[in-house]
Amino acid sequence: MDFGKALELLKSGKKVARKGWNGKGIYIEMQRPDAHSKMTLPYIYIVTNGLVTDNPDAPKGVVPWLASQTDMLAEDWIEVQ
């Protein structure tokens with residue numbers, strides 16, 4: 001699917017990823033801040049905790065994410081369960 005459809009899934013609370021991303025087990029989600037959040041507007045973040053890689057130094061965690069032009073023009077987005 002394209003990024004527009006992936007963005008709609010994010011807005012509905014789903015997780016998405018790209019087939020073409022290096023490493024498997026990573027995905028993005030959208031967070032809608034609540035009363036306890038430091039953020040005040042919705043934002044997208046990437047989760048790499050489940051990253052499958054041979055690199056023991058690869059960072060794993062949860063951080064804010066911005067789409068690159070390649071990501072926005074890609075047609076290999078998938079929904080992640």
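See the structure shown above.
First things first, this report covers the structure right here in the doc.

Reading the values: the criteria
- Residues numbered from 1 in each chain as written.
- Predicted model: local features only at pLDDT ≥ 70, side-chain atom pairs only at ≥ 80, totals over all residues.
- Heavy atoms only, no water.
- Helix = DSSP H or I, 4+ residues; strand = E, 2+ residues; numbered from the N terminus.
- Buried < 20%, exposed > 50% of the residue type's maximum accessible area, 1.4 Å probe, protein only.
- Contact = heavy atoms within 4.5 Å.
- Areas by Shrake-Rupley, 256 points an atom, 1.4 Å probe, with all protein chains shown as cover.
- Lys, Arg positive; Asp, Glu negative; His and termini not counted.
- Charge placed at Lys NZ, Arg CZ, Asp CG, Glu CD.
- Salt bridge = Lys/Arg side-chain N within 4 Å of Asp/Glu carboxyl O.
- Core = buried A, V, L, I, M, F, W, Y, C linked by side-chain atoms within 4.5 Å.

### Quick look at the overall build of the chain
Step number 1: Counting its regular elements, the chain contains two helices and five strands.
Step number 2: Helices and strands in the chain line up, N terminus first, as α-β-β-β-β-α-β.
Step number 3: Based on the C-alpha atoms only, the size of the chain along its principal axes is roughly 40 × 30 × 25 Å.
Step number 4: For the chain, the residues scored as buried account for 32% of the 81 residues in total.
Step number 5: Expressed as a percentage of contacts within the chain between residues at least 6 apart in sequence, the contacts between residues at least 24 apart total 45%.
Step number 6: For the chain, the exposed area adds up to about 5700 Å²; of that, 54% sits on carbon and sulfur atoms.
Step number 7: In the chain, 10 side chains carry a positive charge and 10 a negative one; their mean positions are 4 Å apart.

### A word on the pattern of salt bridges
Step number 1: Within this structure, the stated rule accounts for three salt bridges.
Step number 2: The closest approach of N and O atoms between Glu8 and Lys11, which form a salt bridge, is 3.9 Å. Taken as a pair, Glu8 and Lys11 lie in helix H1 (residues 3-11) at a separation of three residues, close to a single helical turn.
Step number 3: We classify Glu8 as partly exposed; its relative accessible area is 49%.
Step number 4: For Lys11, a relative accessible area of 42% translates into the label partly exposed.
Step number 5: For the salt bridge of Arg18 with Asp76, the shortest nitrogen-to-oxygen distance reads 2.6 Å. Residue Arg18 is found in strand E1 (residues 15-18), and its partner Asp76 is found in the loop between helix H2 (69-73) and strand E5 (77-80); the two are separated by 58 residues along the sequence.
Step number 6: Among the ionic contacts, a cluster of salt bridges with common partners joins Arg18, Asp71 and Asp76.

### Notes on the environment of Val63
Step number 1: Relative to the helices and strands, Val63 resides in strand E4 (residues 62-64).
Step number 2: A sequence separation of 17 residues divides Val63 from Ile46, and the C-alpha atoms of the two residues are 5.7 Å apart.
Step number 3: Ignoring any residue separated from it by four or fewer positions in sequence, one finds Val63 in contact with Tyr45 and Ile46.

### Here we look at the nonpolar core
Step number 1: Core analysis: the largest hydrophobic core is formed by 20 residues, its most contacted members being Leu10, Val16, Trp21, Ile28, Ile44, Trp65 and Trp77.
Step number 2: Of all the secondary structure elements, the ones that give two or more residues to this core are H1, E1, strand E2 (27-31) and strand E3 (43-47).
Step number 3: Setting aside chain neighbours within four positions, we find Ile28 in contact with Leu10, Lys14, Lys15, Val16, Trp21, Ile44, Tyr45, Ile46, Trp65 and Trp77.

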